Every structure is written in C-alpha cells, then in structure tokens.
Amino acid sequence: MEKIVVCGGCRPDRTAGMVATLREAVPDAVVEVAACLNACGHPVSLAFRAPGRAAYLFAQADPQDQAAEIAAFVRLWRAAPGGVVTDARACGRLRTMLRGCIPA
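These numbers were taken from a predicted model, which means no experiment stands behind them.

Spatial ordering of the open sheet is given by β2-β1-β3-β4-β5, a layout of five strands whose pairing is mixed. At either margin of the open sheet sits one strand with a lone partner, and together these are β2 (30–34) and β5 (98–102). On average, each strand axis in the sheet is tilted by 15 degrees relative to the strand beside it, whichever way the strands run. Sheet topology note: the strand β4 (residues 55–58)/β5 ladder contains four bridges and is antiparallel. Pairing of L57 across the sheet is with G100, part of β5. Against the sheet, helix α2 (residues 67–79) engages β1 (3–7), β3 (46–49) and β4, with an angle of about 25 degrees to β3.

In structure tokens:
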C-alpha cells in the first residue's frame, strides 16, 4: 500500500487540515504524519513510499492548495515501472519541488 507522509513539524497548526485534504485527494493511500522529515528550511515536506517502488521527497509543498497535483503525482507513480516517474509535467508546480528520489 502506498504511503504519503506529511511533516508534522513544518506547520503544526495546519497538519490536521493537510492530512484531511490528502486523505480526500488520494483516498486509497495511507496518509501519516512524521515528527520531522528534515527539510526544515523548505516547509511543507511530503514523502511518498511503497514496497518495491521508488521513494520521493518533496519540499515547499502546500497539500491543501496542491491536492490535485499530489493526486496526479500518485497516479503517475503508481503507473510507472518501479515507481520511477520520468515525466512529471502532469504534476504542475509540484514537479519543481522534488528534493530526492530513492530507487526501490
């Protein structure tokens, strides 16, 4: 099962709203909160993880404003062999916020 991890330290006052928005945008993914994703200079950070798939870290994202872009990324990630997204143009601004991809 795919997991979306939201940094709970970035904007603690907005964490609950961000989680709710992500759960609505991607209802079949698990959305969790991590204490910190160590991208503190660029809040809000999001990580995407799943067994056998590449893991991704994005920073400076706004899950509430970018829910459609995040859902688009998840669709691409699911469809890509091994989770390696080679063309993220469908993700809008989110594609410019990528900080790292770790192969499966």
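Enumeration according to the criterion identifies six salt bridges in this entry. With a closest N to O distance of 3.1 Å, D28 and R78 form a salt bridge. Taken together, the residues D28 in the loop between α1 (15–25) and β2 and R78 in helix α2 connect sequence positions 50 residues apart. On the basis of relative accessibility, which here comes to 43%, the residue D28 falls in the partly exposed class.

About the cut-offs
- Residues numbered from 1 in each chain as written.
- Predicted model: local features only at pLDDT ≥ 70, side-chain atom pairs only at ≥ 80, totals over all residues.
- Heavy atoms only, no water.
- Pairing = 2+ DSSP bridges.
- Helix = DSSP H or I, 4+ residues; strand = E, 2+ residues; numbered from the N terminus.
- Axes fitted to C-alpha atoms, helices over the stretch in contact; angles between N-to-C directions.
- Contact = heavy atoms within 4.5 Å.
- Salt bridge = Lys/Arg side-chain N within 4 Å of Asp/Glu carboxyl O.
- Buried < 20%, exposed > 50% of the residue type's maximum accessible area, 1.4 Å probe, protein only.

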